[in-house]
Amino acid sequence: MGKIHVLPEHVANKIAAGEVVERPASVVKELLENSLDAGSTRIRIQVEAGGKKLIQVTDNGCGMVRDDALLAFERHATSKIKDAEDLLSVATLGFRGEALPSIGSVSRLRLETRAPDEPSGTIVEINGGKIFKVEEAGLPAGTSITIRDLFFNIPARKKFLKAESTELSHIASLVTHYALAHPDKHFELHSATNAMLVAPPVAGYSERVYQVFGKETLDQMIPVAAVQPLERIGLPQPPPWRRSDPSGGNQQEPGEVLDPAPFGEMRVHGFVSKPEIQKLNRNSIYVFVNGRLIRDRLVQHALTEAYRNILPPTVYPVVLLFLELPSGEVDVNVHPSKTEVRFRQGTVMHDFVRDSVRAALMKARPVPQFAVEINARPTATPSLTPGARAGNVAASAAWRDLYAPAEATGFSLQAPVPPPVNENFQFGEAFRVEGNAALSLARAPQLIPTDGCTPPVPDEPEAPSDLAPSLASLKPLGQIRESFILAVNHEGLWIVDQHVAHERVLFEKILKQRAALKVESQRLLMPLLVELTPAQQAVFSEISDELAQNGFEAEPFGSRSIAVKIAPAGVDATQVEHMLHELLDQLSREEQSINLEKVRARIAASIACHAAIKVNMPLEQNKMEWLLAELAKTDCPMSCPHGRPVVLRYSLKDIQKAFKRI
Amino acid sequence: MPVEAIASATGTTTMEITVSKAELLRELTATQGVVERKTTIPILSNYLFEAGGDKLSLTATDLDLSLRTSCNAKVKKEGACTIPARKLHDYVKLLPDADITIKLLENHWVSIRCGRSNTKMVGMARSNFPSLPAFPTAGVVKIPGQVLRSMIAKTGFAIASEESRYTLNGGLMVLKPESITMVATDGHRLSHVERPGEKFEGVSGEMKTLIPKKCMDELKSLLDSTDAEVIEFAKDESTLFFRIGQRLLTSRQLTGQFPNFEAVLPKDNNKSITLHGDELSQAISRVAQFADERSRAVRLKLEKGELKLSASSTETGESEDSLEIDYNGDALTIGFNAQYILDFLKAVGAGDVKLELKDAQSAGQLRPAEGEDYKYRYIVMPMRI
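Source: prediction; values computed, not measured. (Residues numbered from 1 in each chain as written. Chains lettered and ligands numbered in written order. Predicted model: local features only at pLDDT ≥ 70, side-chain atom pairs only at ≥ 80, totals over all residues. Heavy atoms only, no water.)

For the rest of this paragraph, the subject is the interface of chain A and chain B. Taken residue by residue, the interface counts 34 residues in chain A and 33 residues in chain B. For the pair chain A and chain B, the two sides together bury roughly 2,700 Å², of which 50% comes from carbon and sulfur. The interface formed by chain A and chain B holds one salt bridge in total. Glu553(A) serves as the salt-bridge partner of Arg384(B), at 3.3 Å between the closest nitrogen and oxygen. At the boundary of chain A with chain B, the tally comes to eight residue pairs in polar contact (both at pLDDT 80 or more). Taken together, the elements giving at least two residues each to the side of chain A that touches chain B come down to α16 (498-515), β19 (521-531), α18 (573-589), α19 (596-611) and α20 (621-633) of chain A. A breakdown of the residues in the side of chain A that touches chain B according to their chemical character gives 18 nonpolar, eight polar and eight charged. The pairing of β19(A) with strand β26 (residues 383-384) of chain B spans two bridges and is classified as antiparallel. Bridging from a neighbouring strand, Ser521(A) pairs with Arg384(B) of β26(B). (Contact = heavy atoms within 4.5 Å. Buried area = accessible area lost by both parts, 1.4 Å probe. Salt bridge = Lys/Arg side-chain N within 4 Å of Asp/Glu carboxyl O. Polar contact = N/O pair within 3.5 Å; in protein donor to acceptor, adjacent residues only side chain to side chain. Helix = DSSP H or I, 4+ residues; strand = E, 2+ residues; numbered from the N terminus. Nonpolar A, V, L, I, M, F, W, Y, C, P; charged D, E, K, R; others polar. Pairing = 2+ DSSP bridges.)

Dropping the structure here:
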């Protein structure tokens, strides 16, 4: 007898479940996506014991008739696509037809559904993959799926589940993200004891962000929005039968109409954080492609590029980005969990995201505020006593503290402790998920006018719209520890890190001089022999022309060393070697291939850093004035080329608040 | 009695001396520069006081640099103690001009009495104070103090502020039986001064010594305030010793290889002009106002009968000055860092200077037009503008 046999279906389903159903949150994800695909406008999720005991997702979507309800538990049964061609342009969140049977095979599942135009609904109960009960019943329109005892028949998997609070936090963050992606829908998430999220439909994304995270967070974010027509350069045209048959979808996919206009357009909108928010991992980067939450290296790289020279290389911003592109432009059929996608025109997409985000950052010119720290510790004055650097660190530490509870949820945007304004909700405990934390937003709609997209908080602080005029009006008072310039203007108190400020000034000047080919350089007294590692050597030979343009003149000297004869002016001879090593190391660590623009920026940043005045250097009054004036003239005065913040502002309003004058 | 011999007389737990305020203050002031300011080791902000014979010896150190000095005192009980340096200096300055009695109390407390003033200060255990190397008995070289002072002034400004592989945070002193030379560089310029015609006994061949910048600065300020004509210099494997009168400065030696400066000294700079130092300095200062703030680059244009100096930057504008010169050679344009030239002109003082160039890529040389007793040359690398 042969050794090979076909697995029975229930085994196959369990194997599939291993891919699709990893933890309670993945069940929630599948069910939530089904609800969204069914056109629901109201989705309620109830979980108990972190979803281990109970997950119930109730929607008011299109429901199913009795036959469909039964068929839905067959493997690869779906209403979302019909043939392989449809895979080229999946417009729904789901399409594989694997979720329900997989979930059904590892839990006790109860499906209650009724299509709106049917007189009665259907109840289906499935226990570990076997249909237990099918009966007719009077039910509200829509679908409700109840999952009990997840993994009851797979003890191994059950053992690997984390603590209830962890699983709950995964679910909470997941629901939050889908709520963010669909502001026009009503989302509710309830644990056994609490309402964790109640978000009625609102008009726009910013209001949803406000609903979920509060005003403080919204203030820390910069809106991004851009559109770009797609041009399918060098890509094969879709086959004629595709083009002649635009209505390939069925009634489940009303949006699935192949755009008769040839290419369509790419849209991006969402929010990116100001540079002073720095996360140590990418967990706070949320990218949605056509409403689907994805983790994509290409997009992440585009974001890193956008924040280059604004954020230091090892920290990450908070990003909520919604990408919309014609469904034919993106392939979601990569992995069962559907968090990976392929873009048909990856490079175009990458550059589009990078440029849009960067443009938004440049335009906003955000300036870090002390307010954060003040809110974190209501007694404000001590926060100003340590050196500004310490204050800065403290400020970011305060942020970290604020975010720390949320960090565990996997999503770290969280409303900071709210200011004492009545109209603000108590978000303080939000997502400190212990199974009972509440995030009650039920009152939100009354307070948010549906016309504008700015949240109607009465005391809108003076907008930090354009930083340059503010900087130009600064009057320096003195230095803290000969490292940080204290300055005032009508807006309040400012602290400027003299090294990074000068670095920013030099950086832009060097780039300009480079662009104008007016680089000044200093010949060294005797050639400086620099030994290189093989990796550095490779980078050096790649960028040696660009280095020469930037005022370095170096010749190969022996097998693995170079002799530097001329170095950029302003850099001490003692620094040249260190600087070259640093530069070559940085570039050799780059994952992506080196492009010229990046090299130029890196070289300029490196020269600027080594030529700039250092901390612990006393400055005369006129020097400080000069530096502030020069800083005001720069294009991007808020962060140094390596991404550190340059200025902190303690606004008059915050000062008044801290002194209890308002 | 030699100062270092007093050190051996310590180890006791008593000390009582009387010293005149003026003498004590003079030595306290002289040693202030050596006391560590931002110390992490508390004992280094203290003086070590040692009493023996009829002398009080004071020692201050920051571990790299130490200064030991002494003054006359009436020693009632020999011994040693440590006293916070800055506080003592500030306090003694305010005392009336009279005798001060210093006495060691229990727990390292020190009592300071002067007339009707009475103070107790918190000292530390004498054993905590680092022990200092002793002045070598052999290989002592006598150097004329004012010669050394002048040579430090002519080179010290060119020392790099930071140490790297090929510039050192210090200067090189070369002693030969009949000359002394001092060289300093920061990698962009090099200052070289030689004084022939001195006799150095005990030196055979070449004696090269690297002197840290901090030591050179301290040495210069000690030489400024001394009336001793000759100082004594000696060194062992790790330490340099300079004895100026009753004061002994010891410094940790710099390790490293001073760059091969002789290779850098230009030999065929055939375009030579003579300029008035003050005029050149003023002209450069004027045009440098319009140079790039970072590179300080000024352009020197050598033409027949005229030296044109100019600088420009996109932000501030441009400026030109010209000096009349006696020159008939080929035209040449070369860029220099204005600060480097001004540094030299300041060090060289009044009088004419000679500027010798070869081409726009080669080092320029500046030196005083009339060689006095010093052979002074200053090499500046050009800039590419």
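Now for the sheet that holds strand β1 (residues 16-20) of chain B. Residue and element names in this part refer to chain B. The strand order β5-β1-β7-β8-β9 describes an open sheet built from five strands, whose pairing is antiparallel. Of all the strands in the sheet, just β5 (74-77) and β9 (117-122) have a single pairing partner and so form its edges. Strand-to-strand twist across the sheet, computed as the mean angle between neighbouring axes with direction ignored, equals 20 degrees. Pairing geometry for β1 and strand β7 (residues 99-104), over five bridges, is antiparallel. (Axes fitted to C-alpha atoms, helices over the stretch in contact; angles between N-to-C directions.)

Sheet topology places β1(B) next to β5(B); three bridges connect them, and they run antiparallel. Residue Glu16(B) lies in a different strand from β5(B), and its bridge partner there is Lys77(B).

Time to look at the confidence of the model for chain B. Of all residues in chain B, 94% have pLDDT values of 70 or greater, and the mean over the chain is 87. Scored as a complex, the prediction yields pTM 0.58 and ipTM 0.73. (pLDDT = per-residue confidence, 0-100.)

Right, let's talk about a positive patch on the surface for a bit. A cluster of basic residues, Lys77(B), Lys103(B), Arg113(B) and Lys120(B), forms a positive patch on the protein surface. With respect to the helices and strands, the residue Lys103(B) is situated in strand β7. (Patch = residues over 30% accessible without salt bridge, like charges linked within 9 Å, V, L, I, M, F, W, Y side chains within 5 Å. Areas by Shrake-Rupley, 256 points an atom, 1.4 Å probe, with all protein chains shown as cover. Lys, Arg positive; Asp, Glu negative; His and termini not counted. Charge placed at Lys NZ, Arg CZ, Asp CG, Glu CD.)

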